[in-house]
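Structure assessment
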Amino acid sequence: MHRASELSNDERMEITGAQHAAAYSQQELQDFMVRYQAADPDAARALIRNLSPALFRFLSSQVSTRNEAEDLLQEAWLRIHKARHTYRPGEPVLPWLYAIARHVRVDGYRRRQRIAQREVAAEVLPERRTSEPAGSQLPDFEVLMSYLPDNQREVVTLLKVEGLSLEEVARVTASTVGSVKQKAHRAYKRLREVLTQEQAAGNTASGESA
Amino acid sequence: MNCSDLDFLLHRAAGVDTLPAGAGAHVRTCRRCQALVAALNQGAPLPSVPGEPVPAIEDRLLHNLKPAHALPPKKFFFAAFLLIFVVLMALGIAHLGAFAWAELNLMRRIMICASLGASAALLAYSMVQQMFPGSRRIVSPALLPVGAFVFLTLMLAALFEVGHSGHFIRDGMPCFEAGIPYAVPAAILFWLILRRGAMLSPRVTGVICGALAGLIGVSVLEVHCSNFDLRHILVWHLGVGVAGALAGLAIGSVGELMVRRRSA
């Protein structure tokens, strides 16, 4: 197994979600940020290449097209670049980064809402999948998240997909740890209800087909 | 251990085996929790970022890349905000006179100083956190100004009683007008410092900044004005702080709108 520091940047791009935080340790990310502040292009490149996939997934969770997500990703990196002097060496990098990206996402969402109020949709976008894929007993993660309100979905996504801790999620969402715990608790309660209903519906369907 | 208890552990569970012993045993016997843990841990796949954006981002960011010096420590800004608060308050008191201070008993003096000082410190702390994205919060920044004013209202209500002042508006307006001039320069100075950071939410920052600036006016009036009618204090003294917060909200909202239009 490769150690994180032995991976090339291209290899790092292939690393999947839950592993991405492990690809670079907190310390390595902090070192890269400090070098980025000192105008080291290699450090900046490494950060962009390594963190873009996770940021892209985070930003694309509320948009309907890939182009929009790409635009948001570019905007997020521009804002990160402009705000790079506000990163304090020694502080965790991911909460700082996601806090900026979160505002880009919120701004993008509000912008789309404004445009949607004024415009009539010119084309029908493909609908998101609303049922689980064939052969799977569990609903798709994305489908499951669609049952939650925005603030709860955001917390669960940051915790379970981006792999941040409660403390880090609180930093990203500019709230307290207690508030994050409460949102996660409510989300789990709701998801448990949804899963129970899905299981009941599945049992009924299989009973009828039998 | 029941389903509800488990919720508080789920945020860090990567699978049944990673849960504490009691929780793991519960999940193995509870189908609802099994489904939930499995559903949450499937996660979402990391999408491949198409070829175009990443090189384009690199080009834009790395072109003419210059060093960006990290901001000084947070305590530096915290001290700066409090220094501005204290200096402007002292100037105000020196200018208007400390007529109320002479008439207040020791208990009232301590309670007023402590409550105003604590509110100012919390608002200054929150303002510093607004400059640095991803900062730790001990209180929700959006709720803090509201909480501070509710706390001050309760504190003043406990210290003063409703009296019979002759003309509520005629006596009150001069106080309000005397307090505002100290809030305005404070707000400008705060903003000059704040703009060095990255204000992600200008609206919330505006409210906090306005509230802290307004609190300078409140502090000056509490030491200056010897009208101890509770209604007068709440409306015309504390009103300076509320007006500051509302002005900050309005300016912050305009700022947020401008930022959004610029990035559109």
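1. Examining the overall build of chain A
Tallying secondary structure elements over chain A gives ten helices and zero strands in all. The secondary structure elements of chain A, listed N-terminal to C-terminal, are α-α-α-α-α-α-α-α-α-α. Going through the 210 residues of chain A one by one, you find that 46% of them count as buried. By sequence separation, contacts in chain A at least 24 residues apart represent 61% of the contacts at least 6 residues apart.

2. Some words on the confidence of the model for chain B
Mean pLDDT for chain B: 89, with 92% of residues reaching 70 or above. Here helix α1 (residues 3–10) of chain B is the element of chain B with the lowest mean pLDDT, 75, and helix α5 (residues 74–96) of chain B is the one with the highest, 97.

3. Focus: the pattern of salt bridges
Inspection of the entire model under this criterion finds 18 salt bridges over all chains. A salt bridge links B:Lys74 to A:Glu91; the shortest N-O distance between them is 3.9 Å. Taken together, the positions of B:Lys74 in helix α5 and A:Glu91 in the loop between α5 (66–82) and α6 (93–118) put the pair across two chains. A salt bridge links A:Glu167 to A:Arg171; its shortest N-O distance comes to 3.0 Å.

4. What to know about the packing of α5(B) against helix α10 (residues 202–224) of chain B
Helix-helix packing: each pair is described by the crossing angle between the helix axes and the interaxial distance. Residues and elements named next belong to chain B. Two elements in contact, α5 and α10, have axes separated by 9 Å at closest approach and are oriented at 35°. Between α5 and α10 lies a crossing whose hand is right-handed. From α5, Ile84, Phe85, Leu88, Met89, Gly92, Ile93 and Leu96 reach across to α10, where they touch Leu212, Leu215, Ile216, Ser219, Val220, Val223 and His224. A breakdown of the residues in the contact of α5 with α10 according to their chemical character gives eleven nonpolar, three polar and no charged.

5. Comments concerning the interface of chain A and chain B
Accessible area lost during the coming together of the parts is what is often quoted as the interface size. Contact residues are listed per partner, giving 69 residues for chain A and 64 residues for chain B. Of the roughly 5,800 Å² buried between chain A and chain B, counting both surfaces, carbon and sulfur atoms make up 64%. For B:Glu256, the salt bridge is made with A:Arg110, and the minimal N-O distance between the two is 3.3 Å. Linking chain A with chain B are ten residue pairs in polar contact (both at pLDDT 80 or more), by the criterion used here. The set of elements that each furnish at least two residues to the side of chain A that touches chain B consists of α3 (26–37), α4 (41–60), α5, α6, α7 (141–145), α8 (150–161), α9 (166–172) and α10 (177–209) of chain A. Considering each element in turn, the side of chain A that touches chain B owes the most residues, ten residues, to α4(A).

6. Considering the packing of aromatic side chains
Inspection of every chain in the model, using the stated rule, returns eight aromatic pairs over all chains. Between B:Phe76 and B:Phe77 the ring centres are 5.4 Å apart and the planes differ by 85°, which places this aromatic pair in the edge-to-face class. Residue B:Phe76 is classed as partly exposed on the basis of its relative accessible area of 46%. The buried category is assigned to B:Phe77, whose relative accessible area is 1%. Through a chain of ring-to-ring contacts, the aromatic side chains of B:Phe76, B:Phe77 and B:Phe132 assemble into a single cluster. Just above the ring of A:Phe58 sits the side chain of A:Arg105; from NZ or CZ to the centre is 4.3 Å. The positively charged end of B:Arg108 is found above the aromatic ring belonging to B:Phe228, 5.8 Å away from the centroid.

7. A word on empty space enclosed by the protein
Applying the stated criterion across every chain, the model contains three cavities of 30 Å³ or more. The calculated volume of the largest cavity comes to roughly 60 Å³. In terms of lining residues, the largest cavity is bounded by A:Thr86, A:Tyr87, A:Arg88, A:Glu91, A:Pro92, A:Trp96, A:Arg171, B:Lys74, B:Phe132, B:Pro133, B:Gly134 and B:Ser135. Among the residues making up the lining of the largest cavity, the classes are represented as five nonpolar, three polar and four charged.

8. A short note on the confidence of the model for chain A
Residue and element names in this part refer to chain A. Chain-level pLDDT for chain A is 78 on average; 76% of the residues reach the 70-or-more range. The least confident element of chain A is helix α1 (residues 9–14), whose mean pLDDT is 41; the most confident is α9, at 93. Overall, residues 1–22 carries pLDDT values under 50, and its contacts beyond four positions in sequence, including any with other chains, amount to 34 contacts. Contacts for the low-pLDDT stretch residues 121–135, under 50 throughout, to residues beyond four places or in other chains number 15 contacts.

Parameters and conventions
- Residues numbered from 1 in each chain as written.
- Chains lettered and ligands numbered in written order.
- Predicted model: local features only at pLDDT ≥ 70, side-chain atom pairs only at ≥ 80, totals over all residues.
- Heavy atoms only, no water.
- Helix = DSSP H or I, 4+ residues; strand = E, 2+ residues; numbered from the N terminus.
- Buried < 20%, exposed > 50% of the residue type's maximum accessible area, 1.4 Å probe, protein only.
- Contact = heavy atoms within 4.5 Å.
- pLDDT = per-residue confidence, 0-100.
- Salt bridge = Lys/Arg side-chain N within 4 Å of Asp/Glu carboxyl O.
- Axes fitted to C-alpha atoms, helices over the stretch in contact; angles between N-to-C directions.
- Left-handed = near helix turned anticlockwise from the far one by under 90°.
- Nonpolar A, V, L, I, M, F, W, Y, C, P; charged D, E, K, R; others polar.
- Buried area = accessible area lost by both parts, 1.4 Å probe.
- Polar contact = N/O pair within 3.5 Å; in protein donor to acceptor, adjacent residues only side chain to side chain.
- Phe/Tyr/Trp six-rings, centres within 6.5 Å; stacked < 30°, edge-to-face > 60°.
- Lys NZ or Arg CZ within 6 Å of the ring centre and 35° of its normal.
- 1 Å grid on protein atoms, 1.4 Å probe; cavity = no way out; pocket = protein on both sides within 12 Å on 5 of 7 lines; lining within 4 Å.
- Points joined across faces, edges and corners; volume = space filled by probe spheres on them.

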